[in-house]
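# Topology and contacts: notes
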Amino acid sequence: MIFSYCRVSTQRQNLSRQIENVLRAYPTAIIIKEAFTGTSMHRPEWMKLMRKVQSGDTIVFDEVSRMSRDSEEGFQIYEELYKKGVALVFLKEPHINTSVYQCALDSTISKTGTNVDFIIEGVNKYLMALAREQIKLAFEQAEKEVSFLRTRVKEGLQVAKENGTVLGRTTGTTVETQKSKEAKAIILKHSRSFGGSLDDGEVMQLCGVSRNSFYKYKKELMA
């Protein structure tokens, strides 16, 4: 079975990019979706997947940070799944796929039964240590990127606050789109209610908006 775990940190983020990337590479992948807040590491869908996967299965991630945002936890999970016989694929970090890790294991040099074996043993240990280090570095980099992003957001909010910028939308305010502005201009110019020569139906057709939108704009103009 091929599974894909797609995760976002908040409900406001969108999973579509991750899903598209995965299905482009693995069209038959079973998508597991999850969203959790930055203040909680509760991941019920991930825990279900961890219990479900068996030896021979594959889990695909868009990037390593989707598996874990903590380097220590990430490496532990990686080794646990690898030992279970589950293949791990990271689309943006293919150098740490379990197939690469397995290749490092398979590439160990056979011993000769001579004193050279001491050198061979050292080389084999180095290859394994190098593979493990690459995996750890990938998780550590993902953790640093998350930390860096949080810091930049906090700094940006602080600067905006110091400059007197009002963040977010004030309660009770609305955002006026370009389409609504154009429609209101037509209503003001042509509607009989504002000194024009056309009735509501004619103005509505001229604006190209729905009946509800038309009367909403008209009401706002009369307010």
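Up top you'll find the structure we're talking about.
Presented here is a report on the structure given in the accompanying data block. On a predicted model such as this, the values are computed, not experimentally measured, just so you know.

### Comments concerning the overall build of the protein
When helices and strands are tallied, the protein shows eight helices and four strands. Reading the protein from its N end, one meets helices and strands in the order β-α-β-α-β-α-β-α-α-α-α-α. Burial status across the protein gives 34% buried among its 223 residues. Across the protein, contacts joining residues at least 24 apart in sequence account for 61% of those joining residues at least 6 apart. Accessible surface for the protein amounts to roughly 14300 Å². Of this, 54% is attributable to carbon and sulfur atoms.

### Considering the environment of isoleucine 19
Here isoleucine 19 is to be found in helix 1 (residues 16-25). Spatially, the C-alpha atom of isoleucine 19 lies 9.4 Å from that of phenylalanine 61, the residues being 42 residues apart in sequence. For isoleucine 19, the residues in contact, after removing those within four places along its chain, are Cys6, Ile31 and Lys33.

### Digging into the packing of helix 6 (residues 178-190) against helix 7 (residues 200-207)
The contact between helix 6 and helix 7 brings their axes to 10 Å, and the two run at 145°. In terms of crossing hand, the pair formed by helix 6 and helix 7 is right-handed. Side by side, helix 6 and helix 7 meet where Ala183, Ile186, Ile187 and His190 of the first sit next to Val203, Leu206 and Cys207 of the second. By residue class, the composition of the contact of helix 6 with helix 7 is six nonpolar, one polar and no charged.

### Regarding the sheet that holds strand 4 (residues 87-90)
Read from one edge of the open sheet, four strands run 2-1-3-4, paired in parallel fashion. Two strands close off the open sheet at either side, each with one partner strand: strand 2 (30-35) and strand 4. Here the average twist between neighbouring strands, direction ignored, is 25°. The pairing of strand 1 (residues 2-8) with strand 2 spans six bridges and is parallel. What sits directly across from tyrosine 5, in strand 2, is isoleucine 32. Each of strand 1, strand 2 and strand 3 (58-61) touches helix 2 (residues 44-52); the most contacted strand, strand 2, lies at about 145° to it.

### Comments concerning helix 2
All of the buried residues in helix 2 are Trp46, Leu49 and Met50. The arc that holds the buried residues of helix 2, viewed along the axis, is 100°, so those residues lie on one side. Looking at the packing, one finds that the buried side of helix 2 touches strand 1, strand 2, strand 3 and helix 3 (71-84).

### Details of the packing of helix 2 against helix 3
Helix 3 packs onto helix 2 with a crossing angle of 30° between their chain directions and a minimal axis gap of 11 Å. Between helix 2 and helix 3, the angle falls in the class roughly parallel. In contact with Trp46, Met50 and Arg51 of helix 2, helix 3 contributes Ile77, Glu80, Leu81 and Lys84. Here the residues of the contact of helix 2 with helix 3 sort into four nonpolar, no polar and three charged.

### Some remarks on the environment of leucine 91
Within the secondary structure, leucine 91 sits in the loop between strand 4 and helix 4 (98-106). Note: C-alpha distance between leucine 91 and asparagine 21 (70 residues apart in sequence) is 8.1 Å. Other than its neighbours up to four places away in sequence, leucine 91 contacts Asn21, Val22, Ala25, Tyr26, Val60, Phe61 and Asp62.

### A short note on the packing of aromatic side chains
Considering all chains together, one arrives at six aromatic pairs under this definition. Their ring planes at 10° and their centres at 5.2 Å tell us that phenylalanine 61 and phenylalanine 90 sit as a pair that is stacked. Here the residue phenylalanine 61 occupies a position in strand 3, and phenylalanine 90 occupies one in strand 4, the gap between them amounting to 29 residues. Just as phenylalanine 61 is buried, phenylalanine 90 falls in that class too. Between tyrosine 78 and phenylalanine 90 the ring centres are 6.3 Å apart and the planes differ by 10°, which places this aromatic pair in the stacked class. Within this pair, whereas tyrosine 78 is found in helix 3, its partner phenylalanine 90 is found in strand 4, the two being separated by 12 residues in sequence. As far as burial versus exposure is concerned, tyrosine 78 and phenylalanine 90 are alike and both buried. An aromatic cluster is defined as three or more aromatic residues linked by ring pairs; in this entry it consists of Tyr5, Trp46, Phe61, Tyr78 and Phe90.

Scoring rules and cut-offs
- Residues numbered from 1 in each chain as written.
- Predicted model: local features only at pLDDT ≥ 70, side-chain atom pairs only at ≥ 80, totals over all residues.
- Heavy atoms only, no water.
- Helix = DSSP H or I, 4+ residues; strand = E, 2+ residues; numbered from the N terminus.
- Buried < 20%, exposed > 50% of the residue type's maximum accessible area, 1.4 Å probe, protein only.
- Contact = heavy atoms within 4.5 Å.
- Areas by Shrake-Rupley, 256 points an atom, 1.4 Å probe, with all protein chains shown as cover.
- Axes fitted to C-alpha atoms, helices over the stretch in contact; angles between N-to-C directions.
- Left-handed = near helix turned anticlockwise from the far one by under 90°.
- Nonpolar A, V, L, I, M, F, W, Y, C, P; charged D, E, K, R; others polar.
- Pairing = 2+ DSSP bridges.
- Arc of directions from axis to C-beta.
- Parallel < 35°, antiparallel > 145°, perpendicular 65-115°, else oblique.
- Phe/Tyr/Trp six-rings, centres within 6.5 Å; stacked < 30°, edge-to-face > 60°.

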